[in-house]
Amino acid sequence: MATRVKVPRAAPRVAVPAPGALPIREERLARLARDGRRRRPTAQHEVNPLREGLRLERVPDPHVMVLFGATGDLSHRKVFPALAQLWRTNLLPADWGCLAVGRRPYDDATFREDVAASLHANCRIQLEPELEQQFLERISYHRGDFNDNATYDVLSEKVEGMHVEEDARNNLLFYLATQPSAFPQIVAQIGRCGLDHEKHDGGWRRIIIEKPFGRDLDSARKLNREVLRVFRETQVYRIDHYLGKETVRNLLVFRFGNGIFEPLWNRRYVDHVQITVSESIGVEDRGAFYEETGAVRDVLQNHMLQLLSLVAMEPPATFAADALRDEKLKTLRAIAPPTRHDVARNVVRGQYDKGWVAGQSRKGYREEREVDPLSETETYVAARFEVDDWRWSGVPFYLRTGKRLAKRATEIAIQFRDVPHRLFEDASTDPQPNLLVIRVQPDEGILLRFGSKVPGLGLEIRPVTMDFTYGAAFSADTPDAYETLMLDSMLGDQSLFTRADEVEAAWAIVSPIHEAWLDSPAPEFPNYAAGTWGPDAAEELIEHEGRRWRRL
């Protein structure tokens, strides 16, 4: 039995002009012109009539995004659709442009055709034709090899030649959506050309770097040094798209905005915490990438440790970016790097075999394209960690992630301690411990389980749930994580981006796992069938302490 929580509809974020007032776009441009931040539009930059009527109080400065790896899968599946949605909802400045950099032989027209096809395939809400055309016209293409000096020598000229005003050309947002091996070279070339320099009379330079940020602790430290030789830490935005998900951001509000739960958020009341990131898909066309990465590097080091730090962190003094990241860093540093004995006892790895998922037959990992038939790469990992601080000492955090599991789901389950005294001895069933579940995807929401008496003459106790879902409670359009993070980077808000020391602290936890595995033989892979919940050893990891994984 489930009881739905009724939440008032959120007030819309948009403003509608009063009768006789300036159109919102005109009113905003006039206000910005008065503030000296930009000029009123010229004939070349007429106000878009399709984009009037929406306004955000914090609008990014006019700027140019320089997107490296623009022809790649990430750019077409995530980056361009997210930018299009920001354009559709009037959250990009009117004077904005994108210089797409890639190796393929496109010109502006043919590249825009490719982007248009990607928008039609991947946008959650399609743009109106005229609006789409205006968005595409703001994208220019620059062909070049990332290892060639000439690619970068003409970047300034390319930016200067874009159809944007001087205010926009003074602000550059670099986005590295390339293979990680290209990060150091691109950053160094940006520094060589002086494109990282911020002008004394205004203007900014920022850089977004995709994951994975390094392959281990040593490589992450080296990459941080190379990036920080060119950019200051305040200019660097290391992106982890999980931090842009609506439910993950709501976790902070849930914890620190509700007095009913925070007093219980500690070792006195919490028995253990489970964090699950399960995927029903396999490696798809990323076999070569996954062979070099594996589940630990792909998910555990970044997504899962970020979720753990948000659950376990202390309240920050303010919600400023550095205050928030300081507390996350303290939490990661309170997790002792595992010894070889710890890895053998508390970490389980697996690799999927052929099986059935959602009624369809699926091949095993070693049968996937570009995968070694004798591969020992893990597609599943489960681990037990402890946060050794005053709040959480003695409370285990169980983390698991895997490919080709029974269903797609990401959630944080907080299992509270059992009641200290069995008061209802005559009851036909014992009450189950209370459970709080924060569902990150796909059905974003929060579930609370507690015991209730079943109506009738006897004394039977049954668990019931209060289930809050975003879709039922709010009619607001929920942005994609990439939309949120790109907008924040344009606004200069680093709250949801990882800092250099935070990245290194996460690798300090994960690198010893790989080091221990190098010196020990892998299990007999494959060791779990597609469509199941992972290897038997993962069940034993938690069951030998008298607990069980939650069935999603």
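Above: the structure in question.
These numbers were taken from a predicted model, which means no experiment stands behind them. (Residues numbered from 1 in each chain as written. Predicted model: local features only at pLDDT ≥ 70, side-chain atom pairs only at ≥ 80, totals over all residues. Heavy atoms only, no water.)

Explanation requested: the sheet that holds strand β2 (residues 63-68) in the structure shown.
Sheet strands pair by backbone hydrogen bonding; their relative direction is either parallel or antiparallel. Taken together, 6 strands build an open sheet; the order of strands is β4-β3-β2-β5-β6-β7 and the sheet is parallel. Of all strands in the sheet, those bounded by a partner on one side alone are β4 (139-143) and β7 (236-238). Within this sheet the neighbouring strands show an average axis-to-axis angle of 20°, counted without direction. Across 5 bridges, the pairing between strand β3 (residues 96-102) and β4 is parallel. Note that in β4 the partner of A100 across the bridge is Y141. The sheet contacts of helix α3 (residues 108-122) involve β3 and β4, and relative to β4 the element is tilted by about 115°. (Pairing = 2+ DSSP bridges. Helix = DSSP H or I, 4+ residues; strand = E, 2+ residues; numbered from the N terminus. Axes fitted to C-alpha atoms, helices over the stretch in contact; angles between N-to-C directions. Contact = heavy atoms within 4.5 Å.)

How should the pairing of strand β6 (residues 205-209) be read in this particular structure?
Of all 5 residues in β6, 5 are buried, a share of seventy percent or more. With burial as the criterion, each face of β6 is covered, one bearing R205, I207 and I209 and the other bearing R206 and I208. With 5 bridges joining them, strand β5 (residues 172-176) and β6 adopt parallel strand pairing. Bridge pairing in β6 places Y175 opposite I208. Of the strand pairs in this sheet, β6 and β7 are connected by 3 bridges, and their pairing is parallel. Along β7, the bridge assignment pairs I208 with Y237. Read as a crossover between parallel neighbours, the route from β6 over helix α9 (residues 217-230) to β7 is right-handed. (Buried < 20%, exposed > 50% of the residue type's maximum accessible area, 1.4 Å probe, protein only. Right-handed = clockwise from strand over helix to strand, strands pointing away.)

Is there a simple way to think about the packing of α3 against helix α4 (residues 129-136) in this case?
Helix-helix packing is described using two parameters, namely the angle between the two axes and the distance between the axes. One can describe the packing of α3 onto α4 by two numbers: an axis separation of 10 Å at closest approach and a directional angle of 135°. Judged by the angle between their axes, α3 and α4 are oblique. Note that α3 runs across α4; the crossing there is right-handed. On α4, the residues that touch R112, V115, A116, L119 and H120 of α3 are E132, F135 and L136. Classifying every residue of the contact of α3 with α4 by side-chain character gives 5 nonpolar, 1 polar and 2 charged. (Parallel < 35°, antiparallel > 145°, perpendicular 65-115°, else oblique. Left-handed = near helix turned anticlockwise from the far one by under 90°. Nonpolar A, V, L, I, M, F, W, Y, C, P; charged D, E, K, R; others polar.)

Please explain the packing of aromatic side chains as it appears in this structure.
Given two aromatic rings, one states the distance between the centres and the angle between the planes to describe the pair. A complete count under the given rule lists 18 aromatic pairs for this structure. Pairing Y106 with Y141 gives two aromatic rings, centres 5.5 Å apart and planes at 85°, and the pair type is edge-to-face. In this pair, Y106 is assigned in the loop between β3 and α3 and Y141 in strand β4, connecting sequence segments 35 residues apart. You can call Y106 partly exposed: its relative accessible area is 22%. On the accessibility criterion, Y141 (5% relative accessible area) is buried. Where F254 meets W265, the ring centres are 6.3 Å apart and the plane angle is 65°; that geometry is what we call edge-to-face. Taken together, the positions of F254 in helix α10 (residues 246-256) and W265 in the loop between α10 and β8 (270-278) put the pair 11 residues apart, joining distant regions of the chain. (Phe/Tyr/Trp six-rings, centres within 6.5 Å; stacked < 30°, edge-to-face > 60°.)

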